[in-house]
Amino acid sequence: IKFYRPTEVPIYISMDISETENSTFTSDDIDKIKQAIVDYAEYDQSGQYGFPPGSDVVISRLYTPINSVPGFKVNSLEIGTAADSLSTSDVAIDWNELATFSTSNITITVT
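How each quantity is defined
- Residues numbered from 1 in each chain as written.
- Predicted model: local features only at pLDDT ≥ 70, side-chain atom pairs only at ≥ 80, totals over all residues.
- Heavy atoms only, no water.
- Helix = DSSP H or I, 4+ residues; strand = E, 2+ residues; numbered from the N terminus.
- Buried < 20%, exposed > 50% of the residue type's maximum accessible area, 1.4 Å probe, protein only.
- Contact = heavy atoms within 4.5 Å.
- Areas by Shrake-Rupley, 256 points an atom, 1.4 Å probe, with all protein chains shown as cover.
- Lys, Arg positive; Asp, Glu negative; His and termini not counted.
- Charge placed at Lys NZ, Arg CZ, Asp CG, Glu CD.
- Polar contact = N/O pair within 3.5 Å; in protein donor to acceptor, adjacent residues only side chain to side chain.
- Phe/Tyr/Trp six-rings, centres within 6.5 Å; stacked < 30°, edge-to-face > 60°.

Visitor: Provide a residue-level description of the overall build of the protein chain, including the pertinent values.
Guide: Each helix and strand in the protein chain was counted, giving two helices and three strands. For the protein chain, the N- to C-terminal ordering of α and β elements is β-α-α-β-β. Summarising its shape, the C-alpha atoms of the protein chain cover approximately 60 × 30 × 20 Å along the three principal directions. Here the protein chain holds 111 residues, and 36% of them are scored as buried. Taking as baseline every contact in the protein chain between residues at least 6 positions apart, the subset at least 24 positions apart corresponds to 74%. In the structure as shown, the protein chain presents an accessible area of about 6,800 Å², 46% of it carried by carbon and sulfur atoms. Each charge class in the protein chain can be summarised by its mean position, and for the 6 positive and 16 negative side chains these summaries are 6 Å apart.

Visitor: An account of the side chain of Lys34 is requested, with residue identities and associated values reported.
Guide: Looking at where Lys34 falls in the secondary structure, it is placed in helix H1 (residues 27-41). Only 3.2 Å separates the side chain of Lys34 from the backbone oxygen of Ile106, close enough to count as a polar contact. Beyond its immediate sequence surroundings of up to four residues, Lys34 is in contact with Thr103, Ile106 and Ile108.

Visitor: Break down the packing of aromatic side chains for me, citing the residues and quoting the values.
Guide: What the rule picks out here adds up to three aromatic pairs. Centroid distance Tyr4 to Trp95: 5.4 Å. Interplanar angle 85°. Geometry classified as edge-to-face. Taken together, the residues span a long stretch of sequence, with Tyr4 in the segment before strand E1 (7-19) and Trp95 in the loop between strand E2 (72-80) and strand E3 (97-110) at a distance of 91 residues. Taking the relative accessible area as the measure of exposure, Trp95 reaches 61% and is therefore exposed. Ring plane angle 20° and centroid distance 5.6 Å describe the contact between Phe51 and Phe101, whose orientation is recorded as stacked. With a gap of 50 residues between them, Phe51 in the loop between H1 and helix H2 (63-66) and Phe101 in strand E3 connect regions that are remote in the sequence. Overall, the relative accessible area of 1% leaves Phe51 in the buried class.

Below, the structure written as structure tokens:
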């Protein structure tokens, strides 16, 4: 019998957003967006949410938690495994890896 613990792969996110007309968007909403992403990405064993071990991080799936906070639009979204190498491509995760998300690895710029 063999047992493996997946290697954690931190995911970095950078996004540029702008407020929509007549919005009530506040600086607190930035923290809400970050937390929504982290909560959504956390794998629960029911399979309804998150990125299970070995599951690629598909960038378009991140729009679900991002759009759960109203009052803005996304101008750009980039992800990657290092803060200095982000792109608009999905992040490949090997079978023995687990994508991990942290609010400290998410940068949101309001323009």
